[in-house]
Amino acid sequence: MSSVVPDAEALYLDLLAGVKPLVRPETKLVGITSGGAWLVERLQKDLGLPGAPGVISSAMHRDDFARRGLSASAQTSLPFDVNGADVLLLDDVLYTGRTIRAVLNELFDFGRPASVRLAVLVDRGGRELPVAADFAAATLTLPDTQLLALARADDGAFSLKVEENR
């Protein structure tokens, strides 16, 4: 079964427009490794926000850690005080909600934010936990046998690819 894969660059522009009203002067952007980290790096620049965005890893709090192991992706880096912060999490694809649960646990290891909101490039449904995005650039339904992943080219351009879940 083949799915129509949306244009990731067009979705990024929708994400940028959708995130603007969510950003207040005190908002800190935090991208979930790896796709969300790519998005937040570009959003921080395109929104003209000062400083560096945060990057957060779900690796240490995943409920499938024994099966997946520790990924080689970037580790958590939060260049601001989490206590009292208004955090806007960014991710590429929202699926079961388990990554978001793990990231929230990681975030609270660093302090207690005043609020945490979520924006995603694609919401593909299939939730196993009660997690919802405050903004999604697109909603896409895929069979459970397929994974949707964000890729970034050497020039920084985004693309989405569908892969068979092994």
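See the structure shown above.
In this text the structure is predicted, and so the values were computed from the model without any measurement.

*Asks:* Quick rundown of the sheet that holds strand 2 (residues 54-56)? Include the residues and the values.
*Replies:* As summarised here, the arrangement of the five strands in space is 2-1-3-4-5, forming an open sheet in which the pairing is parallel. Sheet topology places strand 2 and strand 5 (135-139) at the edges, where each strand pairs with a single neighbour. With direction set aside, neighbouring strand axes in the sheet form an average angle of 25 degrees. As judged from the three bridges shared by strand 1 (residues 27-32) and strand 2, these two strands associate in the parallel manner.

*Asks:* Tell me about the pairing of strand 4 (residues 115-123), and name the residues and values.
*Replies:* Counting buried positions along strand 4 yields seven of nine residues, so the element is predominantly enclosed. Here strand 3 (residues 86-94) pairs with strand 4 via eight bridges, running parallel. Bridging from a neighbouring strand, Asp 91 pairs with Val 120 of strand 4. Taken together, strand 3, helix 4 (residues 98-109) and strand 4 constitute a β-α-β crossover, and its handedness is right-handed. In terms of strand pairing, strand 4 meets strand 5 through four bridges, oriented parallel. Considered in strand 5, the bridge of Val 122 is made with Ala 138.

*Asks:* So what's going on with the packing of helix 1 (residues 8-19) against helix 2 (residues 35-46)? Which residues, and what values?
*Replies:* When two helices pack together, their arrangement is given by the angle between the helix axes and the distance between those axes. Running from amino to carboxyl end, helix 1 crosses helix 2 at an angle of 55 degrees, the nearest separation of the two axes being 11 Å. The pairing of helix 1 with helix 2 is recorded here as oblique in orientation. Crossing of helix 1 against helix 2: the hand is right-handed. Contacts between helix 1 and helix 2 involve Glu 9, Tyr 12, Leu 15 and Leu 16 from the former and Leu 39, Arg 42, Leu 43 and Asp 46 from the latter. Class assignment of the residues belonging to the contact of helix 1 with helix 2 gives a composition of five nonpolar, no polar and three charged.

*Asks:* Break down the side chain of Ser 57 for me, citing the residues and quoting the values.
*Replies:* Checked against the element boundaries, Ser 57 lands in the loop between strand 2 and helix 3 (65-68). The class for Ser 57 is buried, based on a relative accessible area of 3%.

*Asks:* Run through the nonpolar core, naming residues and quoting values.
*Replies:* Judged by nonpolar contacts, the single largest core of 27 residues is most densely connected at Leu 15, Leu 90 and Leu 121. Elements that contribute at least two residues to this core include exactly helix 1, helix 2, strand 3, strand 4, strand 5, strand 6 (146-152) and strand 7 (158-164). By residue number, the principal contributor to this core is helix 1, which donates six residues. When sequence neighbours within four positions are dropped, the list of residues in contact with Leu 90 reads Leu 15, Val 19, Leu 29, Val 30, Gly 31, Ile 32, Gly 36, Val 40, Leu 43 and Ala 119. Membership of the second largest hydrophobic core comes to 16 residues, among which are Val 30, Leu 94, Ile 100 and Leu 118.

*Asks:* Break down the packing of aromatic side chains for me, citing the residues and quoting the values.
*Replies:* Tallied over the full model, the rule gives one aromatic pair. Relative to Phe 158, the ring of Tyr 12 has its centre 5.8 Å away and its plane inclined at 55 degrees; by these criteria the two rings are tilted. Linking Tyr 12 in helix 1 with Phe 158 in strand 7, this pair joins segments that are 146 residues apart in sequence. A relative accessible area of 1% places Tyr 12 in the buried class. Among the residues examined, Phe 158 registers a relative accessible area of 5% and is labelled buried. Over the aromatic face of Tyr 12 sits the side chain of Arg 42, whose NZ or CZ is 4.2 Å from the ring centroid. Taking NZ or CZ as reference, Arg 124 lies 3.8 Å from the ring centre of Tyr 95, over its face.

Conventions adopted
Residues numbered from 1 in each chain as written. Predicted model: local features only at pLDDT ≥ 70, side-chain atom pairs only at ≥ 80, totals over all residues. Heavy atoms only, no water. Pairing = 2+ DSSP bridges. Helix = DSSP H or I, 4+ residues; strand = E, 2+ residues; numbered from the N terminus. Axes fitted to C-alpha atoms, helices over the stretch in contact; angles between N-to-C directions. Buried < 20%, exposed > 50% of the residue type's maximum accessible area, 1.4 Å probe, protein only. Right-handed = clockwise from strand over helix to strand, strands pointing away. Parallel < 35°, antiparallel > 145°, perpendicular 65-115°, else oblique. Left-handed = near helix turned anticlockwise from the far one by under 90°. Contact = heavy atoms within 4.5 Å. Nonpolar A, V, L, I, M, F, W, Y, C, P; charged D, E, K, R; others polar. Core = buried A, V, L, I, M, F, W, Y, C linked by side-chain atoms within 4.5 Å. Phe/Tyr/Trp six-rings, centres within 6.5 Å; stacked < 30°, edge-to-face > 60°. Lys NZ or Arg CZ within 6 Å of the ring centre and 35° of its normal.

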